[in-house]
Amino acid sequence: MSKRQLAMVMDLNKCIGCQTCTVACKTQWTNRNGREYMYWNNVETYPGTGYPKNWMELGGGFDAAGDLQAGVVPNIEADYGVPWDYNHDELQFGEQLKPNVDPTWGPNWDEDEGTGNFPSDNYFFYIPRICNHCTNPGCLSACPRDAIFKRDQDGVVLVDLDRCQGYRYCIAGCPYKKIYFNPKISKSEKCILCFPRVEKGLPPACAQQCVGRIRFVGFLDDEEGQVYKLVHKYKVALPLRSDYGTQPNVYYVPPTEAPPKFDAEGRVIEGSNRVPIEELEKLFGKEVHQAMKTLREEKEKRKKTGESELMDILIAYQHSEMFRLDQD
Ligand code: SF4
Ligand code: SF4
């Protein structure tokens, strides 16, 4: 276990699915040298297949007894999608824009599809995903070479590329499928939480560039920090699929702001919510009930009294205040 743990909170009520975070990460870290198909940050539509395809069904993580579960390594073509480019150079000669391969799958292939029937009860929301820099990482436990480690000063999970032999057990062991095989160098690679930026007091690129101001970054033991308050004080930020047993350190404020359903005549069904609570429970556990209650109560309090520390934090008036990265 590391001495301190850096964590991220994402407020799903505010994510607009613009993919700015994805582009910020990709242009910084994964647009070359065998990493083209990787998305260390991606934003998927829920419900949907996600990235890689059906990642929640690919195993890994730990059972209730703490034993590592078997998992599979996704296939680049079928599960991630072969990255493609476009014929930009030919456009000046009158050619139409077209991809240079015949793509059959890729990240966000099912973007914005959602589920239900329009206009009565259809819904979707976005879930941005990065490596969770878990306290009990499945990737680390699965590696027979001890090539994966957690940094003491911030709990960032990294791959020691000198030790990695490209066995890919880590990919099977990660239930979030957030570690990838680089075929060019035969090694595993993953989100590094932009640690070179963090060491300079800057937030990860995905958080810095987030136009929705949904991402808070800070240490979990910093009681004055917004991350601490959202996770521990108000308990409205919850880990994704904590049942996988890896103790993730990325937390989500669940979507409370879904519109109501309509009846057959197109009238609003008062008190209804398009996002089924069972789906939120599947993602965030039973704690989601209390988190939703707290969020709604604080919103009402803010409306009536004009005051709520929690609502002030979530509104995020100042982008710079969303990040507290001072390291000892
Ligand atoms: Fe490892 Fe996956 Fe956890 Fe990241 S999310 S630390 S890759 S187990
Ligand atoms: Fe969502 Fe922010 Fe990413 Fe846009 S940049 S998709 S708002 S997390």
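Shown above is the structure to which this text applies.
Residues numbered from 1 in each chain as written. Chains lettered and ligands numbered in written order. Predicted model: local features only at pLDDT ≥ 70, side-chain atom pairs only at ≥ 80, totals over all residues. Heavy atoms only, no water.

### A closer look at the overall build of the chain
On a plain count of helices and strands, the chain comes out with 10 helices and 11 strands. Each of the three principal axes of the chain carries a C-alpha extent, and together these read 60 × 55 × 40 Å. When each of the 328 residues of the chain is scored for burial, the buried share is 49%. Once local pairs closer than 6 in sequence are excluded, the contacts in the chain between residues at least 24 apart make up 66%. (Helix = DSSP H or I, 4+ residues; strand = E, 2+ residues; numbered from the N terminus. Buried < 20%, exposed > 50% of the residue type's maximum accessible area, 1.4 Å probe, protein only. Contact = heavy atoms within 4.5 Å.)

### Considering unusual backbone geometry
For the bond running from Tyr46 to Pro47, omega is -5°, close enough to zero to count as cis. You can see Pro47 is positioned in the loop between strand E2 (42-46) and helix H2 (76-80). The omega torsion of the bond from Phe118 to Pro119 falls at 0°, within 30 degrees of zero and hence cis. With a phi angle near 70°, Gln19 is a residue other than glycine that sits in the positive phi range.

### Considering a nonpolar patch on the surface
A cluster of nonpolar side chains, namely Tyr86, Leu91 and Leu97, defines an oily patch on the protein surface of about 260 Å² accessible area. Inspection of the secondary structure assignment puts Leu97 in the loop between H2 and strand E3 (125-129). (Patch = residues over 30% accessible without salt bridge, like charges linked within 9 Å, V, L, I, M, F, W, Y side chains within 5 Å. Areas by Shrake-Rupley, 256 points an atom, 1.4 Å probe, with all protein chains shown as cover. Salt bridge = Lys/Arg side-chain N within 4 Å of Asp/Glu carboxyl O.)

### Details of the site of ligand 1
Around ligand 1, a shell composed of 13 residues is seen, among which Cys131, Asn132, Cys134, Cys139 and Cys174 lie nearest. Per-class residue counts for the shell around ligand 1 are eight nonpolar, three polar and two charged. (Near = heavy atom within 4 Å. Nonpolar A, V, L, I, M, F, W, Y, C, P; charged D, E, K, R; others polar.)

### Quick notes on helix H9 (residues 287-305)
Every α-helical turn comprises 3.6 residues, leaving residues that sit three or four positions apart pointing alike. With 19 residues, H9 extends 27 Å between its outermost C-alpha atoms, agreeing within 8% with the 27 Å of an ideal straight helix rising 1.5 Å per residue. Turning to H9, its buried residues number three or more, namely Val288, Ala291, Met292, Thr294, Leu295 and Glu298. Each buried residue of H9 sits inside an arc of 160° when the element is viewed along its axis, so together they form one side. Turned more than 90 degrees away from the buried face of H9 sit Lys304 and Thr305, all of them exposed. (Expected span 1.5 Å × (residues − 1). Arc of directions from axis to C-beta.)

### Some words on the site of ligand 2
With respect to spatial proximity, 14 residues lie near ligand 2, and among them Cys15, Cys18, Gln19, Cys21 and Cys210 are the closest. Considering only residue class, the shell around ligand 2 consists of nine nonpolar, four polar and one charged.

### Let's talk about the side chain of Arg35
Position of Arg35 among the secondary structure elements: in the loop between helix H1 (20-30) and E2. Apart from residues no more than four positions distant in its own chain, Arg35 is found in contact with Lys26, Trp29, Thr30, Trp40, Asn182 and Glu189.

### Quick look at the nonpolar core
Judged by nonpolar contacts, the single largest core of 83 residues is most densely connected at Met8, Val9, Phe125, Phe216, Leu230 and Phe284. For Phe284, the contacting residues outside a window of four places in its chain are Leu12, Leu238, Pro239, Leu240, Tyr252 and Pro254. (Core = buried A, V, L, I, M, F, W, Y, C linked by side-chain atoms within 4.5 Å.)

### Some thoughts on the packing of helix H8 (residues 277-284) against H9
For the pair H8 and H9, interaxial distance at closest approach is 8 Å and the crossing angle is 115°. One element, H8, and the other, H9, form an angle in the roughly perpendicular class. Facing Ile277, Leu280, Glu281 and Phe284 of H8, the residues of H9 in contact are Glu287, Val288, His289 and Met292. (Axes fitted to C-alpha atoms, helices over the stretch in contact; angles between N-to-C directions. Parallel < 35°, antiparallel > 145°, perpendicular 65-115°, else oblique.)

### Remarks on the state of the cysteines
Within this structure, the stated rule accounts for zero disulfides. Here Cys191 is not disulfide-linked; the sulfur of Cys131 is the nearest cysteine sulfur, at 5.3 Å. We classify Cys191 as buried; its relative accessible area is 7%. (Disulfide = S-S within 2.5 Å.)

### Focus: the packing of aromatic side chains
Per the stated rule, a full pass over the model turns up 15 aromatic pairs. Arranged with centres 6.1 Å apart and planes meeting at 70°, the rings of Tyr167 and Tyr169 form a pair that is edge-to-face. Judged by relative accessible area, which is 46%, Tyr167 ranks as partly exposed. Tyr169 gets classed as partly exposed once you look at its relative accessible area, which sits at 47%. Three or more aromatic residues joined by ring pairs form one cluster here, namely Tyr37, Tyr39, Tyr51, Tyr80 and Tyr180. The ring of Trp105 is capped by Lys53, whose NZ or CZ atom sits 4.4 Å from the centre of that ring. (Phe/Tyr/Trp six-rings, centres within 6.5 Å; stacked < 30°, edge-to-face > 60°. Lys NZ or Arg CZ within 6 Å of the ring centre and 35° of its normal.)

### Digging into the environment of Thr115
Looking at the element boundaries, Thr115 is found in the loop between H2 and E3. If sequence neighbours within four positions are ignored, Thr115 has contacts with Pro47, Asp121, Asn122 and Tyr123.

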